[in-house]
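These are the residues of each chain, in order.
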Amino acid sequence: MKRSSFYFKMVTGALLRKRSRMLVALLAIAVGATIVSGLMTIYYDIPRQLTRELRSYGANMVVTPADGTKLTYEEIETIRALLPAENTVGTAPYRYETVTLNSQPVTAAGTQMNEAAATSPYWNISGEWAADDSSIMLGSKVAQLVNAKVGQNVELEADNGAGEGVKNTYTVSGIVETGGSEENFIFMTDTALDSFMGDTDSFDTLECSISLQGDELSGLAERINSSSDRVNARLVKRVTESEGTVLTKLQALILIVTIVIIVLTMISVATTMTAVVTERRREIGLKKAIGASNREITTEFLGQGIFLGVCGGILGVVLGFLFAQYVSNSVFFRSVSFIWGLVPVTILSSVAVTAVACLIPMRSATNIDPALVLKGE
Amino acid sequence: MADKSKSVTAQDNEDILVLEGVSKIYGELKALNNVDLKVKKGEWVAIMGPSGSGKSTMMNIIGGMDKASEGRVILDGMDITKESAKSLTNIRRDKIGLIFQQFHMVNYLTAVENVMVAQYYHSMPDEEEALQALDRVGLKERAKHYPSQLSGGEQQRVCIARALINYPKILLADEPTGNLDETNENVVVEIFRQLHNEGSTIIVVTHDPEVAAVAERTIVLEHGRITKNIINHNDYSKPINLRDYEGLSDEMLLGKG
Ligand SMILES: Nc1ncnc2c1ncn2[C@@H]1O[C@H](COP(=O)(O)OP(=O)(O)OP(=O)(O)O)[C@@H](O)[C@H]1O
Ligand SMILES: [Mg+2]
């Protein structure tokens, strides 16, 4: 029999012998590893989760043309091509023109309705989104002012680019409530506003909703800015900063909880292993009496610790993922993805935690006096 | 008797163990008080004495598990009183075979594995050899049994096999038959006889006058001092039956010497 396989036999034999104690230690490690790996999964997933979640609060980046100019359709597409597709929630171009409704001057916004719906999911529409060029939506303040209802026809007048008066009749498809200044606007499709004004390529802004955070987002803005002198991308500070703060605080909270749990696990494992050493005093004394060095005694203990750490770690990886999945489903209503990198991290850290927890018991094991075996305790 | 002790001194080079003025002091108490002792290679020595007289203390010091407060202990030509704890571990491993009253088996290992533990700490576990060792104490059939499945006598025989497995220079047994019935006591003593005939050095502490009488020489300890050194004349050519032995009488042991 090889030395190593006899070693393995002794390590596992001792573990199985003190089954109930070892189960306590294993449970402590598994619970610790479960919560830690679960929290780590959430920790890494939170930005992804919450960034999407927070995107319902509107655009976090706005691209505008250089002073006194307009953005063309072509430029809009160029900018869109620069955005990472998988993180782009929506990009809504806006053209603003002053029109007259019932002799009242109001701002008409022309946009692509599906993109506006994506960037501004918080808009509350009574009725329908304007689906075609003959429909418009009124901001709730405008609707109140002119006393217009959904389904009614309204007539818009304006001076077009050539200085001529134009007018056209539209059907009100919906009333827009946002709780913001959008309630003072009229919304129509970009093509409807273009044909009303008699020209194209006159967008004032491109509002983007991107599910990125911090440096990644500002990096993206810089890339857009350096791509052309004609455009200026900036972050909507109010939105991005509060998102960042929320994420940082959540992650800090998770880190603190993780540390507390690691410490608790260590205490629990150390307590159990100390009890094991006390119970096995005679056996350890005997082994020393027949010639086991302190090093060999330590190695046996460490072997048990590592064995427990690996088993607890593997349990922790599996249960931790289920735990993270459960938390994510019930809190964020979406599932987490399995992070393979966490497998070695969890197992190694539970081995490390167990090994550290075994240090004190190991010391007391090496301090056991071999003479005690003749004392007939 | 005097002749015999003289001959021991005469053949100094054959002494496997020499104690010179060894004392062990616990505060006020002298558990061992200036003990001188020589044990020849291949000798079979029994140590008797009342409880608390220092027998286990002496065994611990000889076996390198404890340190003498004063004096020298020369084991196999080496003064072990000067050795570090680490090298004492090596000495125990390489030179000493230990047998205890409480058997002390590792209870999650089988009989043969308990023998292999000693091989493991010494060099390499060798199941074949461990089985042979069990065979010679008559336990080959029980090799795969756990301590809880063995009787006290069987456990003690496993411990003897374990003590012998690394060919120790000296076998130290502290009341090896203290927890055994007569039959098993006889079995153990018979194993000692065979080992003695093969040339093993044996020191056995016992409370049993017959077990003491079977040895070549019996030493009596009282209050940490050697008070008697009795030579027994035994025939080791045939198996021992303890009933044939008249235990050393109390007069012999404790009488005015
Ligand atoms: N660690 C210690 N500290 C203090 N006193 C001790 C210690 N170990 C032993 N003694 C004392 O030393 C004396 C000798 O003890 P020892 O164990 O050698 O006796 P013994 O002859 O083996 O007795 P028994 O026949 O009961 O086994 C006893 O009085 C004991 O109380
Ligand atoms: Mg004793």
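The structure this text deals with has already been given above.
In this report, the structure presented in the accompanying data block is examined.

Rules used throughout
Residues numbered from 1 in each chain as written. Chains lettered and ligands numbered in written order. Predicted model: local features only at pLDDT ≥ 70, side-chain atom pairs only at ≥ 80, totals over all residues. Heavy atoms only, no water. Near = heavy atom within 4 Å. Polar contact = N/O pair within 3.5 Å; in protein donor to acceptor, adjacent residues only side chain to side chain. Areas by Shrake-Rupley, 256 points an atom, 1.4 Å probe, with all protein chains shown as cover. Phe/Tyr/Trp six-rings, centres within 6.5 Å; stacked < 30°, edge-to-face > 60°. Helix = DSSP H or I, 4+ residues; strand = E, 2+ residues; numbered from the N terminus. Buried < 20%, exposed > 50% of the residue type's maximum accessible area, 1.4 Å probe, protein only. Lys NZ or Arg CZ within 6 Å of the ring centre and 35° of its normal. Contact = heavy atoms within 4.5 Å. Buried area = accessible area lost by both parts, 1.4 Å probe. Salt bridge = Lys/Arg side-chain N within 4 Å of Asp/Glu carboxyl O. Patch = residues over 30% accessible without salt bridge, like charges linked within 9 Å, V, L, I, M, F, W, Y side chains within 5 Å. 1 Å grid on protein atoms, 1.4 Å probe; cavity = no way out; pocket = protein on both sides within 12 Å on 5 of 7 lines; lining within 4 Å. Points joined across faces, edges and corners; volume = space filled by probe spheres on them. Nonpolar A, V, L, I, M, F, W, Y, C, P; charged D, E, K, R; others polar.

### Focus: the site of ligand 1
At step 1: Surrounding ligand 1, one finds 14 residues, the nearest of these being B:Ser51, B:Gly52, B:Lys55, B:Ser56 and B:Thr57.
At step 2: Flanking ligand 1 are residues from chains A and B.
At step 3: Between ligand 1 and B:Ser56, the relevant distance is 2.8 Å, taken from an oxygen atom to a side-chain nitrogen or oxygen of the residue.
At step 4: Side-chain polar atom of B:His207 to an oxygen atom of ligand 1: 3.1 Å apart, as the coordinates give it.
At step 5: Relative to its free-state accessible area of 630 Å², ligand 1 is covered by the protein chains to the extent of 64%.

### Examining the packing of aromatic side chains
At step 1: One pass over the full model with this rule turns up 15 aromatic pairs over all chains.
At step 2: Aromatic pair A:Trp123 and A:Phe187: ring centres 4.9 Å apart, planes at 50°, arrangement tilted. With a gap of 64 residues between them, A:Trp123 in the loop between α4 (113–119) and β4 (124–127) and A:Phe187 in strand β8 (residues 185–189) connect regions that are remote in the sequence.
At step 3: A:Trp123 gets classed as buried once you look at its relative accessible area, which sits at 8%.
At step 4: Linked through ring pairs, A:Tyr94, A:Tyr96, A:Trp123, A:Trp129, A:Phe185 and A:Phe187 together constitute an aromatic cluster.
At step 5: Over the ring of B:Tyr120 we find A:Arg3, and its NZ or CZ is 4.3 Å from the ring centre.

### So, the interface of chain A and chain B
At step 1: On the chain B side, the residues contacting the 30 residues of chain A number 28 residues.
At step 2: Three residues, A:Arg3, A:Ile290 and A:Leu374, lead the burial of chain A against chain B; their summed loss comes to 25% of the area buried on that side.
At step 3: Put simply, chain A and chain B have one salt bridge between them.
At step 4: As a salt-bridge pair, B:Glu113 and A:Lys9 come within 2.9 Å of each other at their nearest N and O atoms.
At step 5: On the surface where chain A and chain B come into contact, there are 11 residue pairs in polar contact (both at pLDDT 80 or more).

### Quick word on the environment of A:Tyr96
Residue and element names in this part refer to chain A.
At step 1: Looking at the element boundaries, Tyr-96 is found in strand β2 (residues 88–101).
At step 2: Sequence separation between Tyr-96 and Gly-214 is 118 residues; the distance between their C-alpha atoms is 30 Å.
At step 3: Ignoring anything within four residues of it in the chain, the contact list for Tyr-96 reads Thr-107, Ala-108, Ala-109, Phe-185, Asp-204, Thr-205 and Glu-207.

### Describing a nonpolar patch on the surface
At step 1: Side chains of A:Ile256, A:Ile259, A:Val260, A:Val263, A:Leu264 and A:Ile267 sit close together on the surface and give an oily, nonpolar patch of about 560 Å² of accessible area.
At step 2: As for its position among the elements, A:Val260 is in helix α8 (residues 237–279).

### Remarks on empty space enclosed by the protein
Residues and elements named next belong to chain A.
At step 1: A full pass over the atoms with the stated rule returns five cavities of 30 Å³ or more.
At step 2: In this structure, the largest cavity occupies an estimated 120 Å³ of space.
At step 3: Lining the largest cavity, in full, are Ile-29, Gly-32, Ala-33, Val-36, Ile-262, Thr-265, Thr-346, Ser-349, Ser-350, Val-353 and Thr-354.
At step 4: In terms of residue count, the dominant contributor to the lining of the largest cavity is helix α11 (residues 342–366) (five residues).
At step 5: Of the residues assigned to the lining of the largest cavity, the class counts are five nonpolar, six polar and no charged.

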